[in-house]
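Residue-level structure breakdown
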Amino acid sequence: MNLLTKAVWTGFACVFAVTTVQAQVPAGKILAPALKTMKPYPKIIRPLMPEKITRLASASVAPAPVISTGWYYNRRRPGNTLPNLKISKEHLNRAFLKKQAEKQKKDRLVFVANILIHKDALLRGYHLPEEYLEGFFMKRIFPYQSAPHYTADEDSDQFLFRGMLLTPEELIQILNKGFSPKTSAWNAGTDGRAAVSLSSSITEASHYIFQNGSKANGIGVVFEIRRTPGMQLGTHPLLNKTKTIYYSYENIAPEAIANVYIWGEYGLENLKNVLNNAKTGHIRPHQRWTGQFGRMLF
């Protein structure tokens with residue numbers, strides 16, 4: 001029997017012996033003596049340890065900078081040729097807000113352009129003539145002014161509203177410049193300073209449209225405005241019975257305007273939808289509904 005054959009038969013015998021005894025004796029007692037007498041593998045076939053594999057992998061790939069949040073510092077890790085880049089959370093937030101503001105500005109410019117393009121269609125469908133303003137006020141608002149029943153909207157902790165009668169040009173000016181107490185004509189109930197009046201009820205804000213007289217090319221507009229800590233609840237006991245009137249003694253930036261609504265046949269409509277209808281020619285003349293009250297005052 002040659003050496004190769006002898007080695008094969010010896011191997012089979014060892015496997016058979018270990019398998020037979022394994023069922024009766026724990027594996028540790030069988031393998032422990034053998035492990036003590038085993039010689040280490042030759043270096044050429046010794047298994048690679050995980051840290052060695054990591055070193056080999058990193059040696060074949062260009063090192064990348066480590067980016068994490070925190071204060072910026074310039075420190076090099078051992079073996080890394082590039083600096084660690086630590087970016088503060090405040091820096092990331094500023095970058096996000098800047099990008100968001102740029103997008104809002106671009107959207108606002110497009111918005112304003114569409115108002116100018118579709119000005120005639122907007123007036124054709126949403127102009128509020130004097131007789132309609134008078135009739136709505138006398139029928140729907142005046143009877144309840146002595147005992148108002150307005151309640152704050154569910155999201156009033158985030159948004160407040162301002163209703164106005166505006167021309168398309170005035171609407172564009174507000175979208176570009178925002179609101180200022182200096183240009184506010186109605187300041188009843190304030191602490192004596194000029195202020196921009198707001199409401200936590202979109203219904204109450206819409207009723208202000210009908211309390212500002214009338215004007216040529218006037219349309220009813222309600223602005224939804226992001227609330228800030230500077231917007232204070234009015235404290236006058238008679239003029240703010242419902243606790244829904246707020247005042248801003250500071251300027252309100254155009255970026256704070258979240259949505260714009262236009263008064264139509266069935267109430268408020270989002271201006272974006274109105275302009276989309278204008279593009280497709282689906283705006284109907286306002287005369288079909290603004291004549292419903294007739295003339296109330298002479």
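Right above here is the structure, for reference.
Description of the structure in this document.

Quick notes on the rules
- Residues numbered from 1 in each chain as written.
- Predicted model: local features only at pLDDT ≥ 70, side-chain atom pairs only at ≥ 80, totals over all residues.
- Heavy atoms only, no water.
- Axes fitted to C-alpha atoms, helices over the stretch in contact; angles between N-to-C directions.
- Helix = DSSP H or I, 4+ residues; strand = E, 2+ residues; numbered from the N terminus.
- Parallel < 35°, antiparallel > 145°, perpendicular 65-115°, else oblique.
- Contact = heavy atoms within 4.5 Å.
- Nonpolar A, V, L, I, M, F, W, Y, C, P; charged D, E, K, R; others polar.
- Expected span 1.5 Å × (residues − 1).
- Buried < 20%, exposed > 50% of the residue type's maximum accessible area, 1.4 Å probe, protein only.
- Pairing = 2+ DSSP bridges.
- Salt bridge = Lys/Arg side-chain N within 4 Å of Asp/Glu carboxyl O.
- Phe/Tyr/Trp six-rings, centres within 6.5 Å; stacked < 30°, edge-to-face > 60°.

What to know about the packing of helix H4 (residues 89-117) against helix H7 (residues 168-177)
Close contact between H4 and H7 brings their axes to 10 Å; oriented N to C, the two are set at 175°. Between H4 and H7, the crossing angle belongs to the class labelled roughly antiparallel. Packed against H4, whose contacting residues are Arg 108, Phe 111, Val 112, Ile 115 and Leu 116, the element H7 presents Pro 168, Leu 171, Ile 172, Leu 175 and Asn 176 at the interface. Tallied by class, residues from the contact of H4 with H7 come to eight nonpolar, one polar and one charged.

Observations regarding H4
In a regular helix each residue adds 1.5 Å, so 29 residues correspond to 42 Å; H4 covers 42 Å between its end C-alpha atoms and thus fits that length. Among the residues making up H4, those that are buried are Arg 108, Phe 111, Val 112, Asn 114 and Ile 115. On its buried side, H4 packs onto helix H5 (119-126), H7, strand S8 (257-264) and helix H9 (271-280).

Some remarks on the pairing of strand S4 (residues 196-199)
The alternating pattern of S4 places Val 196 and Leu 198 and Ser 197 and Ser 199 on opposite faces, both of which are buried. Bridge count between S4 and strand S7 (residues 245-248): four bridges; the pairing is antiparallel. In the sheet register, Leu 198 faces S7, and the bridge partner there is Tyr 246.

Some details on the pattern of salt bridges
Scanning all chains against the criterion turns up six salt bridges. Where Arg 108 meets Glu 255, a salt bridge forms, and the shortest distance between an N and an O atom there is 3.4 Å. Of this pair, Arg 108 sits in helix H4 while Glu 255 is found in the loop between S7 and S8, placing the two residues 147 residues apart along the sequence. A relative accessible area of 13% places Arg 108 in the buried class. Across the pair Glu 169 and Lys 119 runs a salt bridge whose closest N-O atoms are separated by 2.5 Å. Residue Glu 169 is found in helix H7, and its partner Lys 119 is found in helix H5; the two are separated by 50 residues along the sequence. Three or more residues joined by partner-sharing salt bridges are found here, namely Glu 265, Arg 284 and Arg 288.

Some details on unusual backbone geometry
Located in the positive-phi region is Asn 217, a residue other than glycine, with phi close to 60°. Structurally, Asn 217 is set in the loop between helix H8 (202-207) and strand S5 (219-226). The backbone of Lys 243 sits at a positive phi, close to 55°, despite the residue not being glycine. Tracing the backbone through its elements, the reader meets Lys 243 in the loop between strand S6 (231-233) and S7.

A look at the packing of aromatic side chains
Taken as a whole and assessed by the stated rule, the structure comprises ten aromatic pairs. Summarising the aromatic geometry, the rings of Phe 137 and Phe 142 are spaced 6.0 Å apart at their centres and angled 50° between planes, so their arrangement reads as tilted. Look at Phe 142 and you get partly exposed, because its relative accessible area is 46%. Measuring from ring centre to ring centre gives 5.4 Å for Phe 210 and Trp 263, while their planes differ by 85°; the resulting arrangement is edge-to-face.

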